[in-house]
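# Examining the three-dimensional arrangement
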Amino acid sequence: YVSRNDRNGTEFTFRRMAKSGVNANLHAFNTLLQAYARTADVPGAERVFARLVKAGFTPDALVYSTLLQAYAKAADPKGAEDVVERMRKSGLKPNAYTFNSLIKAYAEAKDSEGAEKVLERMWLSGL
């Protein structure tokens, strides 16, 4: 469902797993998060993020980067920057994938100057 950008199908499968007694792991939550991110559904992606935290999972760099994709697709660089700050506050360092998603957020917003500044930050971080 995710590859077809079918949020509803992904959500249905996720809920069906739970009803069948299959406990979702971090990978399953990230897959669900990806379904929302691919369609630029930022509120939905944030709800999934909150659900995975409520379920007791600690978001890793991949989860934060997937959430960041939602903001990038929505052309919301400020929101994307906020996700990176949340990531840092959780003790995780942005990686190349994170920076690439952040650059995409600026590019989608037609802000080449912002994208260049992110690229410079990426180089200064050693990536």
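Description of the structure in this document. Everything numeric here is computed off the predicted structure, so don't read it as measured data.

### Remarks on helix 5 (residues 77-89)
For the α-helix, the turn length of 3.6 residues means that residues three or four positions removed from each other point alike. Compared with an ideal rise of 1.5 Å per residue, which puts 13 residues at 18 Å, helix 5 spans 18 Å between its outermost C-alpha atoms and is within 8% of the ideal. Among the residues trailing helix 5, Gly91 stands out with phi positive, at a value near 100°.

### Digging into the pattern of salt bridges
Evaluated as defined, the whole model comprises four salt bridges. One salt bridge in this structure joins Lys117 and Glu113, with 3.4 Å as the shortest N-O distance. Of the two residues, Lys117 and Glu113 are both situated in helix 7 (residues 112-124); the distance of four residues between them amounts to about one turn of the helix. Since its relative accessible area comes to 49%, Lys117 is described here as partly exposed.

### What about the side chain of Glu81?
Along the chain, the position of Glu81 falls in helix 5. Only 2.9 Å separates the side chain of Glu81 from the side chain of Arg121, close enough to count as a polar contact. Excluding residues within four positions of it along the chain, Glu81 makes contact with Leu102, Tyr106, Val118 and Arg121.

Reading the values: the criteria
- Residues numbered from 1 in each chain as written.
- Predicted model: local features only at pLDDT ≥ 70, side-chain atom pairs only at ≥ 80, totals over all residues.
- Heavy atoms only, no water.
- Helix = DSSP H or I, 4+ residues; strand = E, 2+ residues; numbered from the N terminus.
- Expected span 1.5 Å × (residues − 1).
- Salt bridge = Lys/Arg side-chain N within 4 Å of Asp/Glu carboxyl O.
- Buried < 20%, exposed > 50% of the residue type's maximum accessible area, 1.4 Å probe, protein only.
- Polar contact = N/O pair within 3.5 Å; in protein donor to acceptor, adjacent residues only side chain to side chain.
- Contact = heavy atoms within 4.5 Å.

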